[in-house]
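# Analysis of the macromolecular model
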Amino acid sequence: KLSDFQAFGNNIQGEIPTALGELENLKVINLAENNLVGTIPSSIGQSGNLLSLVLRNNRLTGSIPPGLASSTDILHINLSENDPDKDATSGIDGQIPDFFGSFTKLKWLKLHGNRLQGEIPASLSDATSLGELRLCHEQKCR
């Protein structure tokens, strides 16, 4: 049963299949550096087994799916640089979810280079293992 799905840097185009989030044994999803568009499927993370989600450097839109809240043991989240042209035609938007604070094993959270708005949730202070947090919009964040 598939537990590790890595297909980064392959110029994959189109949307992330909803079925990917329905794979119950999936622990790692790395689709970085492709040309993916559309929203992150709401099914991503719902199994509760996801440990690493890396979707950086694509052209994703929409908000961070609430189903990700089920992955309470997640270690790595990198959704950065989904607005590569800095023209607001792509990029993850909405607010940073409060549920990130419940991820007590989370080591890094990288959301920079998107179109997120609002306040940084106070609940992030409960993510006691968090060692790296990147929220800036500019390239200077690297």
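Everything here concerns the structure above.
Residues numbered from 1 in each chain as written. Predicted model: local features only at pLDDT ≥ 70, side-chain atom pairs only at ≥ 80, totals over all residues. Heavy atoms only, no water.

## Let's talk about the sheet that holds strand β11 (residues 132-134)
Think of a sheet as strands paired side by side through backbone hydrogen bonds, with each pair either parallel or antiparallel. Taken in spatial order, the 6 strands make up an open sheet running β1-β3-β5-β7-β9-β11, and their pairing is parallel. Each of the sheet's edge strands pairs with one partner strand only, and the pair in question is β1 (4-6) and β11. Taking each pair of neighbouring strands and ignoring which way they run, the sheet shows an average axis angle of 10 degrees. As paired elements, strand β3 (residues 28-30) and strand β5 (residues 52-54) share 3 bridges and run parallel to each other. Paired with Val28 across the two strands is Ser52, which belongs to β5. (Pairing = 2+ DSSP bridges. Helix = DSSP H or I, 4+ residues; strand = E, 2+ residues; numbered from the N terminus. Axes fitted to C-alpha atoms, helices over the stretch in contact; angles between N-to-C directions.)

## Quick notes on the side chain of Asn30
Relative to the helices and strands, Asn30 is located in strand β3. Under the relative-accessibility criterion, Asn30 is labelled buried at 13%. There is a polar contact of 3.1 Å between the side chain of Asn30 and the backbone nitrogen of Ala32. Apart from the residues lying within four places of it in its own chain, the contact partners of Asn30 are Phe5, Gln6, Ala7, Phe8 and Val54. (Buried < 20%, exposed > 50% of the residue type's maximum accessible area, 1.4 Å probe, protein only. Polar contact = N/O pair within 3.5 Å; in protein donor to acceptor, adjacent residues only side chain to side chain. Contact = heavy atoms within 4.5 Å.)

## A short note on the sheet that holds strand β4 (residues 35-39)
Here 5 strands make up an open sheet; going across it, the order is β2-β4-β6-β8-β10 and the pairing parallel. The outermost strands of the open sheet, each flanked by one partner alone, are β2 (13-15) and β10 (115-117). For this sheet the average axis-to-axis angle between neighbouring strands, irrespective of direction, equals 15 degrees. Sheet analysis places strand β6 (residues 59-62) next to strand β8 (residues 91-95), joined by 2 bridges and oriented parallel. Considered in β8, the bridge of Gly62 is made with Ile92.

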